Structures are given as C-alpha cells and as structure tokens.
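An overview of the molecular structure
Single-letter residue listing:
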Amino acid sequence: MEHRIPNRIFLIRHAKPQVAGKGMFSAAGARQYISDYDAANIEAFILTHEAIPYKQITKVHCSTLVRSQLTAKAIFGENVQLVIDANFREFERKIFSLPFLQLPIKLWLLGARLLWFLGLNSRGIETFKQARQRARTAAKQLAEEANRETIAVLVAHGLLNFFIRRELKRLGWQQTIKEGSGFISVNAFEYNPDESSS
C-alpha cells in the first residue's frame, strides 16, 4: 500500500511593524500606538526557511490586518493569492483609563492583556472566551484546507497562532517545527491520514 505524504500546516507570524515604541505613553498615547501598529508598514526582512515548499504555495491565509498581508506577499511574492479572513485577526486589545499616568508602551500592553485574560477589560471588544473559540474555528479551517489541498499556510499573529497551535495538537496534528511567537517565526504541523486510520 502506498503511503501518502503527510498533510502540512505552516503558521507564520508577521514581520515587525514600523512603529515607534520608545519613551513614555499616556493612556491616549497607548491607544494611538495600537492604532498606528495596526496600520503600520513592516520592516524589510528575508525569510528563507528550508522546510517551506515555496514553489508549491500559491495561496496563503492571512488576517484583515495589513501587517499580515504585507508579510505574506513579502515571503511568497506579489502574485500569491491571499485569503483574507477576520477569523485570523489578532486577539483584540483595549487600553484601560488611568488619567495622568505615563508608562512605557510594553507595560500598557501587558496590563491591558492581563486584565483582558481575567475578563476585566473586554467591554466593547471580543472576550478572551470568544477569542479562544475563534482560534479553535481558525484551526479547523486550516486543518480542513490541509486535508483537502495537502498544505495550508497562515501568516497571522503571535497570540492567535499560539492558540491555533494548541487546538491543532488537540485535533491530533503533530508539531514538526517549533519556533515560538517572535516576528516571522515559523511553526509547522503534520497529519498523516494513513496513521490515523491504522
């Protein structure tokens, strides 16, 4: 019996956005930073990863955020087909109001995220529970694509990709490349239909 090549999923985080983050920020300044980050161009980079079959990839899933789309085209070329889907956007962030306080942007973002995880900072945005459910849906979308086409590629965001990785493992996919959540990090998974049916 001939064995099939395992189906594969590649998860890639976007490149670093061109946005200034040094100095101290007020709450309003931190909110503006998030807006600027979401609209920013990306820094130039080169990604030549030996595990990525570049010539086979003609379609890439990405989020509605421009840094995801720009990264996908920088990696796979201007002619690659982008499948833009809001399911693949980053988990939302909301800066809480602390008048007169000046903090480094990293502390604003960390505080906002921790409160959001705890369910204390999600008014008007997606809750952590809803975001995790969205990541589960996204993982299933990619798994279905890979099972249909043998390969699926997503260029998206650090926290979203982290929860997609967790869900893929739960669905029985084996992680073959582990590069974490840094800019343009690559994580890959395989699923062998022959093994699952044996």
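Residues numbered from 1 in each chain as written. Predicted model: local features only at pLDDT ≥ 70, side-chain atom pairs only at ≥ 80, totals over all residues. Heavy atoms only, no water.

**Some thoughts on the sheet that holds strand β3 (residues 59-62)**
Pairing in this open sheet of six strands is mixed, and the strands run β4-β3-β6-β1-β8-β7 from one edge to the other. Every interior strand has two partners, whereas the edge strands, β4 (81-84) and β7 (174-177), have only one. Shown here is a sheet whose adjacent strand axes are inclined to one another by a mean of 25°, direction ignored. Taken together, the three bridges between β7 and strand β8 (residues 186-191) define a ladder with antiparallel strand orientation. Bridging from a neighbouring strand, Q174 pairs with E190 of β8. Strands in contact with helix α2 (residues 66-76) are β1 (7-13), β3, β4 and β6 (151-156); relative to β6, the strand with the most contacts, it is inclined by about 130°. Along the sheet, helix α5 (residues 158-170) makes contact with β1, β6, β7 and β8, crossing β1 at roughly 160°. (Pairing = 2+ DSSP bridges. Helix = DSSP H or I, 4+ residues; strand = E, 2+ residues; numbered from the N terminus. Axes fitted to C-alpha atoms, helices over the stretch in contact; angles between N-to-C directions. Contact = heavy atoms within 4.5 Å.)

**Details of the layout of surface pockets**
For the largest pocket, the calculated volume is near 630 Å³. Lining the largest pocket we find 22 residues, and of these R13, Y37, R93, L109 and F183 sit closest to its centre. Listed by contribution, the elements that provide at least two residues to the lining of the largest pocket are α1 (27-39), α3 (105-117) and α5. Top element by residues in the lining of the largest pocket is α3. It accounts for five residues. For the lining of the largest pocket, the per-class residue count stands at 10 nonpolar, four polar and eight charged. (1 Å grid on protein atoms, 1.4 Å probe; cavity = no way out; pocket = protein on both sides within 12 Å on 5 of 7 lines; lining within 4 Å. Points joined across faces, edges and corners; volume = space filled by probe spheres on them. Nonpolar A, V, L, I, M, F, W, Y, C, P; charged D, E, K, R; others polar.)

**Overview of a positive patch on the surface**
A contiguous patch of positive charge, built from K129, R132, R136, K140 and R166, is present on the exposed surface. The element that contributes the greatest number of residues to the positive patch is helix α4 (residues 128-149), accounting for four residues. You can see K129 is positioned in helix α4. (Patch = residues over 30% accessible without salt bridge, like charges linked within 9 Å, V, L, I, M, F, W, Y side chains within 5 Å. Areas by Shrake-Rupley, 256 points an atom, 1.4 Å probe, with all protein chains shown as cover. Salt bridge = Lys/Arg side-chain N within 4 Å of Asp/Glu carboxyl O. Lys, Arg positive; Asp, Glu negative; His and termini not counted. Charge placed at Lys NZ, Arg CZ, Asp CG, Glu CD.)

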